[in-house]
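# Structure assessment
Chain by chain, the residues:
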Amino acid sequence: MQKVSVIIPVYNGEHYLRQCLDSVCNQTLREIEIICVDDGSSDSSFQILEEYQRKDDRIRLFQQQNKYAGTARNLGKKHAAGEYLMFWDCDDFFEPDALEKLYTKASCLQADICVCGGNKYFHNTQKTAPNVSSYLNPKYVLNEVFNRMTNEDYILNFANAVPWNKMFRRQFIENIHLDFQEIRNGNDIYFTQCALVLADRITTVNEGLINYRVNNETSLTGTLSKSPLVPLSAWISVEEKLTELNVFPEKSFVNKVIGAITALLRNVKEPEPFIETVRFLRNEGLEKLHIKEREEDFYYVKWHYEFVKHLMNDSLEDFQTYLMHQTYLQLTERTAEKAIQNVRLKNQGNEIKKLKAECKKETIKNEKAEKKLEKKNKELEKKNRELEKKNRELEKKDRQIAKAQDELDNIRHSWSYKIGQKIVWLPSKIKQIFARKKR
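All of these numbers come straight from a predicted model, not from anything done at the bench. Counting of residues starts from 1 at the beginning of each chain's written sequence and follows it residue by residue. At least 70 in pLDDT is required for a residue's local features to be given in this predicted model, at least 80 for side-chain atom pairs to be given and counted, and no such filter applies to totals for whole chains, interfaces and linings, which use all residues. The side-chain quantities take in all heavy atoms of the structure and omit both hydrogens and water.

## Considering the overall build of the protein
Looking only at helices and strands, the protein features twelve helices and nine strands. C-alpha atoms define the radius of gyration, and 2.2 Å times the number of residues to the power 0.38 defines the globule rule. Relative to a compact globule of 439 residues, whose C-alpha radius of gyration would be 22 Å, the protein shows 41 Å and is clearly more extended. The principal-axis extent of the C-alpha atoms belonging to the protein is close to 155 × 50 × 45 Å. Evaluated residue by residue, the protein yields a buried proportion of 42% over its 439 residues. Pairs of residues are marked as contacts when any of their non-hydrogen atoms sit within 4.5 Å. In the protein, once contacts between residues fewer than 6 apart in sequence are set aside, the share between residues at least 24 apart is 78%. Note on areas: these come from Shrake-Rupley sampling with a 1.4 Å probe, and a residue is covered only by the protein chains present in the view. Carbon and sulfur atoms form 51% of the exposed surface of the protein, whose accessible area is close to 25700 Å². On the protein, the mean spot of the 71 positive side-chain charges and the mean spot of the 64 negative ones are 20 Å from each other. Going along the chain from the N terminus, every DSSP run of H or I of four or more residues is numbered as a helix, and every run of E of two or more is numbered as a strand. Exposure categories follow from relative accessible area, calculated using a 1.4 Å probe and restricted to protein chains: below 20% of the type maximum is buried, above 50% is exposed, and the middle band is partly exposed. We score Asp and Glu as negative and Lys and Arg as positive, and we do not count His or the chain ends. Throughout, a charge is located at the NZ atom of Lys, the CZ atom of Arg, the CG atom of Asp or the CD atom of Glu.

Laid out in structure tokens, this is it:
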């Protein structure tokens, strides 16, 4: 069985698809299947998919009429055979070890869901913001393995409501009979949020393994004004399902939905959809989403306390003015933080340059010392060789002396030597006697 089924809905992604497929096909985890579902593309996307399928037999292709990503994901899920499911988008690209790290952590801990961080890739500037906290916020991850009961207040707040940074155990998804909603925008909200609440075991990998492309005007987020109420309906479906199952985490849900509403209103770029959205919220949406005026400490984000009051009580014009002003203040604050960060980075850069210069100076000094030491070592090696030569000569002489000594000892112990000693003893004795008489 394949370890992971990677499911990719594709719709008019010819500009990004090659980068996406290259990053998927080159994953370090090789035991995968890549299920691509063309959602009625009118560009060259399907031809690109066929090209890659010829090069990699792990790729499986399916086609459907344009029914949006949720339907495409459900079709891919239906044909998936992997132990785990990964839902990636055709305009994103992924770190080479993304699947390996997610699968290793999930399988080791027998997790139903494993969530990783993501990098924000700015399409216009081609710059990257690494491991953005809104994709995975470690502050709300209280244990290595957790679920709704052990982390009830933050079960929907520790990660974003998208599938692309979450690996799901296929059997878990099949057991709870969970599908993506077949809607234009926010089809993943119902799937991901219900899965997080219903999972028994969730774990995380706090690394930016996904490169999520933003500022892409052709994405569904970029065209949100066409159907702004659809995501709100998705959140209402989540509330209804979790309430039906008696597992509704109200505090976590409300805080999550308020963040989603602020993002929605900021991304609706035309006045009529904006007015439509606010009126829907006031007429029925807020009640269905459990949003009402509460104590200030109920909210995880400080300014959401005021946001709810303005959303419920202001005129449309005043509320729009408030939201624009609040957005301006936050952008100004972020700009200031960015400026401070840039100064810090510049100072760090200067410190790094200074350290590099000192290191270079120290390296040159060390290289000179090493050369001197190398020269001395060569001289010592030469002297050692001379000493070894002399030692060999002395050892040779010692062997010669030892040999001569052995020969002398052999002579002294021979019969001829002993007889000779006896023969010369008498004359020597007579000579000594005569010498004493003369004195």
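From this point on, the discussion continues.
## Here we look at helix 2 (residues 45-55)
All buried positions along helix 2 are accounted for by S45, F46, I48, L49 and Y52. Each buried residue of helix 2 lies within a common arc of 155 degrees when the element is viewed along its axis, so the set occupies one face. Each C-beta atom gives one direction from the helix axis, and the arc is the one those directions make.

## Description of the pairing of strand 3 (residues 59-64)
Pairing between strands is defined by DSSP: at least two bridges between them are needed. Pairing geometry for strand 2 (residues 32-39) and strand 3, over six bridges, is parallel. What sits directly across from I35, in strand 3, is R60. Call a crossover right-handed when, viewed with both strands pointing away from you, the route from the first strand across the helix to the second goes clockwise. Read from strand 2 through helix 2 to strand 3, the crossover connection turns out right-handed.

## Re the packing of aromatic side chains
Here a pair means two rings of Phe, Tyr or Trp (six-membered ring of Trp) with centres within 6.5 Å. Their orientation is stacked below 30 degrees between planes, edge-to-face above 60, and tilted elsewhere. Taken as a whole and judged by the stated rule, the model has 23 aromatic pairs. Arranged with centres 4.7 Å apart and planes meeting at 15 degrees, the rings of W164 and Y212 form a pair that is stacked. On the criterion of sequence distance, the pair formed by W164 in the loop between strand 7 (127-129) and strand 8 (166-169) and Y212 in strand 9 (residues 202-214) is long-range, its members being 48 residues apart. Using a relative accessible area of 2% as the deciding quantity, one classes W164 as buried. These aromatic residues form a ring-pair network of at least three members: F274, W303, F307, F319 and Y322.

## Points about the pattern of salt bridges
We define a salt bridge as a contact between a side-chain nitrogen of Lys or Arg and a carboxyl oxygen of Asp or Glu at a distance within 4 Å. All told, the structure shown has 15 salt bridges when counted by the stated rule. For E284, the salt bridge is made with K288, and the minimal N-O distance between the two is 2.9 Å. One end of the pair, E284, and the other, K288, are both in helix 9 (residues 271-288), four residues apart, so they sit about a helical turn from each other. Overlapping salt bridges, with partners in common, bring together R18, E51 and K55 in one network.

## Quick look at unusual backbone geometry
Positive phi is not limited to glycine here, since Y68 has a value of about 80 degrees. Of note, Y68 is situated in helix 3 (residues 68-79). At H177, a position not held by glycine, the phi torsion is positive, near 55 degrees. Take H177: it is sitting in the loop between helix 5 (170-175) and helix 6 (187-198). Taking the relative accessible area as the measure of exposure, H177 reaches 69% and is therefore exposed.

## Digging into a nonpolar patch on the surface
Patch membership needs two things, relative accessible area over 30% and no salt bridge, and members are linked within 9 Å if like-charged or within 5 Å if nonpolar (Val, Leu, Ile, Met, Phe, Trp, Tyr). Nonpolar side chains collect at one region of the surface, where W415, I419 and I423 lie side by side and expose about 400 Å² of accessible area between them. Taking the relative accessible area as the measure of exposure, I419 reaches 48% and is therefore partly exposed.

## A few points about the nonpolar core
Residues enter a nonpolar core if they are buried and are Ala, Val, Leu, Ile, Met, Phe, Trp, Tyr or Cys, with the set joined through side-chain atoms within 4.5 Å. Counting 66 residues, the largest nonpolar core has F158 and F307 as its most contacted members. Setting aside chain neighbours within four positions, we find F158 in contact with V115, Y135, L136, N137, Y140, V141, F146, L196, I202 and T204. Membership of the second largest hydrophobic core comes to 41 residues, among which are A98, A111, C116 and M167.

## Focus: the pairing of strand 1 (residues 4-10)
With seven of seven residues buried, strand 1 lies mostly within the body of the structure. Residues V4, V6, I8 and V10 line one face of strand 1 and the alternating positions S5, I7 and P9 line the opposite face, and both faces are buried. Sheet analysis places strand 1 next to strand 2, joined by seven bridges and oriented parallel. Directly across from P9, in strand 2, lies its bridge partner V37. Note that the unit made of strand 1, helix 1 (residues 17-25) and strand 2 has a crossover that is right-handed. Where strand 1 and strand 4 (residues 84-87) come together, four bridges link them in parallel fashion.

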